[in-house]
Amino acid sequence: ETAFGFADVGQGEKQPRVNEVFHSVARKYDVMNDLMSAGLHRVWKSAFVDWLSPPKRTGWKALDVAGGTGDIAFRIFEASGGNADVTVLDINSSMLEVGQDRATKNGIGERISFVEANAEELPFPDRTFDSAVSAHAMDHLGPQIVQGLSEMRRVLKPGGRFLLVVWVPGWA
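Residues numbered from 1 in each chain as written. Predicted model: local features only at pLDDT ≥ 70, side-chain atom pairs only at ≥ 80, totals over all residues. Heavy atoms only, no water.

Trainee: I tried to follow the overall build of the protein on my own but got confused; where do I start?
Mentor: Helix and strand counts for the protein stand at seven helices and seven strands. Listed by position from the N terminus, the elements making up the protein come as β-β-α-α-α-β-α-β-α-β-β-α-α-β. The proportion of buried residues among the 172 residues of the protein is 42%. Within the protein, residue pairs in contact and separated by at least 24 positions form 72% of the contacts whose partners lie at least 6 positions apart. As displayed, the protein offers around 9,500 Å² of accessible surface, 55% of which is attributable to carbon and sulfur atoms. (Helix = DSSP H or I, 4+ residues; strand = E, 2+ residues; numbered from the N terminus. Buried < 20%, exposed > 50% of the residue type's maximum accessible area, 1.4 Å probe, protein only. Contact = heavy atoms within 4.5 Å. Areas by Shrake-Rupley, 256 points an atom, 1.4 Å probe, with all protein chains shown as cover.)

Trainee: What is the right way to read the nonpolar core from this model?
Mentor: Note that soluble globular proteins tend to have their nonpolar side chains buried in a common cluster. Judged by nonpolar contacts, the single largest core of 20 residues is most densely connected at Ile-76, Val-86, Ile-112, Phe-114 and Val-133. Listed by contribution, the elements that provide at least two residues to this core are helix 3 (40-52), helix 4 (71-79), strand 4 (85-90), helix 5 (93-105) and strand 5 (112-116). It is helix 4 that contributes the most residues to this core, five residues altogether. Apart from the residues lying within four places of it in its own chain, the contact partners of Val-133 are Phe-48, Leu-52, Leu-63, Asp-64, Val-65, Ile-72, Ile-76, Met-152 and Leu-163. Among the nonpolar cores identified, the runner-up in size contains twelve residues, and Leu-63, Ala-117, Phe-124 and Leu-156 belong to it. (Core = buried A, V, L, I, M, F, W, Y, C linked by side-chain atoms within 4.5 Å.)

Trainee: When you look at the pattern of salt bridges in this model, what are you seeing that I'm missing?
Mentor: Where charged atoms from two side chains of opposite charge approach closely, those side chains can pair. As enumerated under the stated definition, the model contains four salt bridges in all. Among the ionic pairs, Arg-154 bridges to Asp-126, the shortest N-O distance being 2.8 Å. Here Asp-126 lies in the loop between strand 5 and strand 6 (129-135) and Arg-154 lies in helix 7 (residues 145-155), a separation of 28 residues in the sequence. One salt bridge connects Lys-157 with Asp-130, and the closest N-O pair in it is separated by 3.4 Å. Here the residue Lys-157 occupies a position in strand 7 (residues 156-165), and Asp-130 occupies one in strand 6, the gap between them amounting to 27 residues. Residues participating in the shared-partner salt-bridge network are Asp-126, Glu-151 and Arg-154. (Salt bridge = Lys/Arg side-chain N within 4 Å of Asp/Glu carboxyl O.)

Trainee: Just checking my understanding: could you explain the packing of aromatic side chains for this structure?
Mentor: Working definition: an aromatic ring pair is given by the centre-to-centre distance plus the angle between the planes. Counted according to the given criterion, the structure contains one aromatic pair. Relative to Phe-129, the ring of Phe-124 has its centre 5.0 Å away and its plane inclined at 85 degrees; by these criteria the two rings are edge-to-face. Pair check on accessibility: Phe-124 and Phe-129 agree, each one buried. (Phe/Tyr/Trp six-rings, centres within 6.5 Å; stacked < 30°, edge-to-face > 60°.)

Trainee: Explanation requested: unusual backbone geometry in the structure shown.
Mentor: Comment: phi is negative for the bulk of residues other than glycine, and the bulk of peptide bonds are trans. One non-glycine residue, Ser-53, adopts positive backbone phi at about 55 degrees. Within the secondary structure, Ser-53 is located in the loop between helix 3 and strand 3 (61-65).

In structure tokens, the structure reads:
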């Protein structure tokens, strides 16, 4: 069994439940983050991208695992001066659809890729990306966290940047 909120569920039960939650909140997800964090998540995400320090050159590739609506990816793209090749990967099609819509509305729909896939089986060749980042994806992987981290490492080029933001209960 593994944790799902305040309940324990079977291993095969967790992913469908997580998917259902994110399908149901996709259109409201960014507003929910604003409300739940009183806007503080924006500060965290800006600091996260500052730490990543994307170069302002073409050809630099970033992967945002469980990037959902693209919030981090858009910040990476902007910080690179519009030069980075950014890929948002998420298992949830509804979250990706919101991100793709946002990218299109902002005129960068052709500049950021959205890929539906599982973080435990990334569909990219080894050593593809200059950075692999994730904000809170590991919170949902549970026992598969090692596989997700291994996959992110696998697709990262030697010397690449690997950054995570995770929620650790009890830390404040």
